[in-house]
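Read off the chains here:
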Amino acid sequence: MSIPHVRRRLAPRIGNTPSPCIKVCQIDDEGFCMGCKRTVDEIRNWVIMSDYEQTMLLAELQWRKDHG
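Here the residue index of a chain counts from 1 through its sequence in written order. Local features in this predicted model are restricted to residues of pLDDT 70 or higher, and side-chain atom pairs are both shown and tallied only at a pLDDT of 80 or more, whereas totals for entire chains, interfaces and linings draw on every residue. Each side-chain value is worked out from all heavy atoms of the structure, with water and hydrogens disregarded.

(A) Spotlight on the packing of aromatic side chains. Whether two aromatic rings pair depends on their centres lying within 6.5 Å, for rings of Phe, Tyr and Trp, where Trp uses its six-membered ring; planes under 30 degrees apart make the pair stacked, over 60 edge-to-face, and the rest tilted. Counted according to the given criterion, the structure contains 0 aromatic pairs. Counting as a charge over the ring demands two things of the Lys NZ or Arg CZ atom: a distance within 6 Å of the ring centre and an angle within 35 degrees of the ring normal. Over the aromatic face of Trp46 sits the side chain of Arg38, whose NZ or CZ is 5.6 Å from the ring centroid.

(B) Layout of helix 2 (residues 51–67). Its 17 residues place the ends of helix 2 24 Å apart at the C-alpha level, agreeing with the 24 Å of an ideal helix rising 1.5 Å per residue. Residue exposure (1.4 Å probe, protein chains only): buried if accessible area is under 20% of the type maximum, exposed if over 50%, otherwise partly exposed. Segments assigned H or I by DSSP are reported as helices when at least four residues long, segments assigned E as strands when at least two residues long, and all are numbered from the N terminus. Taken as a whole, helix 2 has its buried residues at Gln54, Leu57, Leu61 and Arg64. Taken down its axis, helix 2 places every buried residue within 75 degrees of arc, on the same side. What points out from helix 2, more than 90 degrees from its buried face, is the exposed set Tyr52, Asp66 and His67. Here a helix's expected span is defined as the number of its residues, less one, multiplied by 1.5 Å. Of all possible arcs, the one meant is that of the directions from the helix axis to the C-beta atoms.

(C) Region of interest: the environment of Cys33. In this fold, Cys33 is placed in the segment before helix 1 (40–45). According to the relative accessible area criterion, Cys33 is buried, its value standing at 3%. Between the alpha carbons of Cys33 and Cys21 there is a distance of 9.1 Å; along the sequence they are 12 residues apart. Between two residues, a contact is recorded if the distance between any of their heavy atoms is within 4.5 Å. With residues near it in sequence (within four places) discarded, Cys33 still touches Val24, Cys25, Gln26, Ile27, Arg38 and Ile43.

As structure tokens, then:
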């Protein structure tokens, strides 16, 4: 009797999108960076996000800038 092959789940690839940081690192009263409009969690997690997640966040940041 053979053991069935179990496919391991691959971790998503870490993204290569350049950070949206513009070196104005101050968090406002609503919890957003005054420069890039990210939250502290989004800033911290940027380096472990996939390309897809980074691209989606960039779209969200643009929305925040346009509607902020």
